[in-house]
Amino acid sequence: MTTYIAANDAPMKNTGNIKLYGPEGFEGMRCAGQLTARCLDEVTAMVKPGVTTAEIDDFIFQFGLDNGAAPATLHYRGYQYSSCISLNHVVCHGFPQKKPLRNGDILNVDVTFVLDGYHGDSSRMYVAGQAKRAAERLLNITYESLMRGIAAVKPGARMGAIGEAIQTYAEGERCSVVRDFCGHGLGKLFHDAPNVLHYGTANEGVEMRPGMIFTIEPMINLGRHHVKILRDGWTAVTRDRMLSAQFEHSVGVTEGGCEIFTTSPAGLHKPLSQAA
C-alpha cells in the first residue's frame, strides 16, 4: 500500500513513501529549477562543431559555483562530472569528453543543481550545426512525448497515465520508448519515490496527489527500445546503434494540474525547429 507523507516530516532518504511538499517546497523547486533552466539556456550558444562536451561540462560546473549551487551528479555514486552529456546513439549517462563535436551531432545535456537543499533536474537536446532530417524528426517527437506526459499530470489520475500518453504517441510515430530508465521523485532528495515509467496504461501506478514532485524524462529511440550499458558502468547506448533523444522537466502536482519548474526563461526548451 502506498504511503504519502508530508515532506517536512519525512527522513532525508528514500523510504519508498511519497513525499508531499507544501508552498515552501514548491518555491524551493522554482528557484532550483529556474537556475538549471538558465544554465541550459546558456549552453545553447556553446553547442557547435569543434566544441568539446568537456568544455560544456566545465561551464556547467562554473555556472553552478557562480550562482551558489552544486551539481548533484558530481561524485554521486562515484560519477566524476557535473553533467551527463549523451551523443547520438547514447541513451543517457554519457561522460563529457574532449572529442570535438561534429556537424550533425545531436546531444542531450542533463543538469541537476542543488540550490538551498532543493534539486532542479532538467535535460534538453541540442544540435551541433545542421541536424539530419531523421534526427530533427526524433527531437520533435521526443519533445512532444514529454509534453504529452506532462499534460497527463493531475490530482486523482494514476502515474500510468503519464506513461500511456508518452508510449501511445511515440509508438504511433514509429519510434520506441526506452524501458530501462525512468523518471523519479525529486525535491530535497535527488532520487526519491515514486518511479515514473514512460510506458504503461492509465489505470496503473500510484495516485497523483497535490504536493508530489517528480521528473518526467522520456528516452525515445528511432530504432528498438533495447539498450546496453558500456564497460564504464554508466553509459547506456542503443543496442542497434540507432539515434536516441531525451527531454526532461521537473514538475509538481497542484490542485488544478501541475507546475513545470524547469521551463526555459528564454523560451529555449523546445527543439530549434519549434522555437520560432
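An account of the accompanying structure is given in this report.

Rules used throughout
Residues numbered from 1 in each chain as written. Predicted model: local features only at pLDDT ≥ 70, side-chain atom pairs only at ≥ 80, totals over all residues. Heavy atoms only, no water. Axes fitted to C-alpha atoms, helices over the stretch in contact; angles between N-to-C directions. Helix = DSSP H or I, 4+ residues; strand = E, 2+ residues; numbered from the N terminus. Parallel < 35°, antiparallel > 145°, perpendicular 65-115°, else oblique. Left-handed = near helix turned anticlockwise from the far one by under 90°. Contact = heavy atoms within 4.5 Å. Nonpolar A, V, L, I, M, F, W, Y, C, P; charged D, E, K, R; others polar. Salt bridge = Lys/Arg side-chain N within 4 Å of Asp/Glu carboxyl O. Pairing = 2+ DSSP bridges. Phe/Tyr/Trp six-rings, centres within 6.5 Å; stacked < 30°, edge-to-face > 60°. Lys NZ or Arg CZ within 6 Å of the ring centre and 35° of its normal.

**Observations concerning the packing of helix α3 (residues 133–151) against helix α4 (residues 160–172)**
Point 1. Relative orientation of the contacting elements α3 and α4 amounts to 150°, with a least axis distance of 8 Å. Regarding the angle of α3 to α4, the classification is roughly antiparallel. The chirality of how α3 crosses α4 is right-handed. Along the contact surface, α3 presents Ile-141, Glu-144, Ser-145, Arg-148 and Gly-149, while α4 presents Ile-162, Ala-165, Ile-166, Tyr-169 and Ala-170.
Point 2. Split into classes, the residues belonging to the contact of α3 with α4 amount to six nonpolar, two polar and two charged.

**A look at the pattern of salt bridges**
Point 1. Evaluation of the coordinates by the stated rule reveals seven salt bridges.
Point 2. With a shortest N-O distance of 2.6 Å, Arg-30 and Glu-259 are connected by a salt bridge. Taken together, the residues Arg-30 in helix α1 (residues 23–46) and Glu-259 in strand β17 (residues 258–260) connect sequence positions 229 residues apart.

**Focus on the sheet that holds strand β13 (residues 227–229)**
Point 1. What the three strands build is an open sheet, ordered β5-β14-β13; its pairing is antiparallel. Each having just a single partner strand, β5 (90–92) and β13 make up the two edges of the open sheet. Along the sheet, successive strands turn relative to each other by an average axial angle of 40°, direction set aside.

**Notes on the packing of aromatic side chains**
Point 1. Inspection of the entire model under this criterion finds ten aromatic pairs.
Point 2. Members of the aromatic cluster, joined through ring pairs, are Tyr-79, Tyr-81, Phe-95 and Trp-234.
Point 3. Against the face of Tyr-199 rests Arg-179, its NZ or CZ located 5.1 Å from the ring centre.
Point 4. Cation over ring: Arg-209 sits above Tyr-4, and NZ or CZ is 3.8 Å from the ring centre.

**Considering the sheet that holds strand β15 (residues 244–246)**
Point 1. What the three strands build is an open sheet, ordered β8-β12-β15; its pairing is antiparallel. In this open sheet, the two strands that pair with only one neighbour each are β8 (176–177) and β15.
Point 2. Of the strand pairs in this sheet, β8 and strand β12 (residues 219–221) are connected by two bridges, and their pairing is antiparallel. Bridging from a neighbouring strand, Ser-176 pairs with Asn-221 of β12.

**Comments concerning unusual backbone geometry**
Point 1. At the junction of Ala-193 and Pro-194, the peptide bond is cis and its omega measures out at 5° in the coordinates.
Point 2. Position of Pro-194 relative to the elements: it lies in strand β10 (residues 192–196).
Point 3. One non-glycine residue, Asn-88, lies in the positive phi region at around 55°.
Point 4. The residue Arg-241 is not glycine, and still its phi comes out positive at about 65°.
Point 5. Within the secondary structure, Arg-241 is located in the loop between β14 (236–238) and β15.

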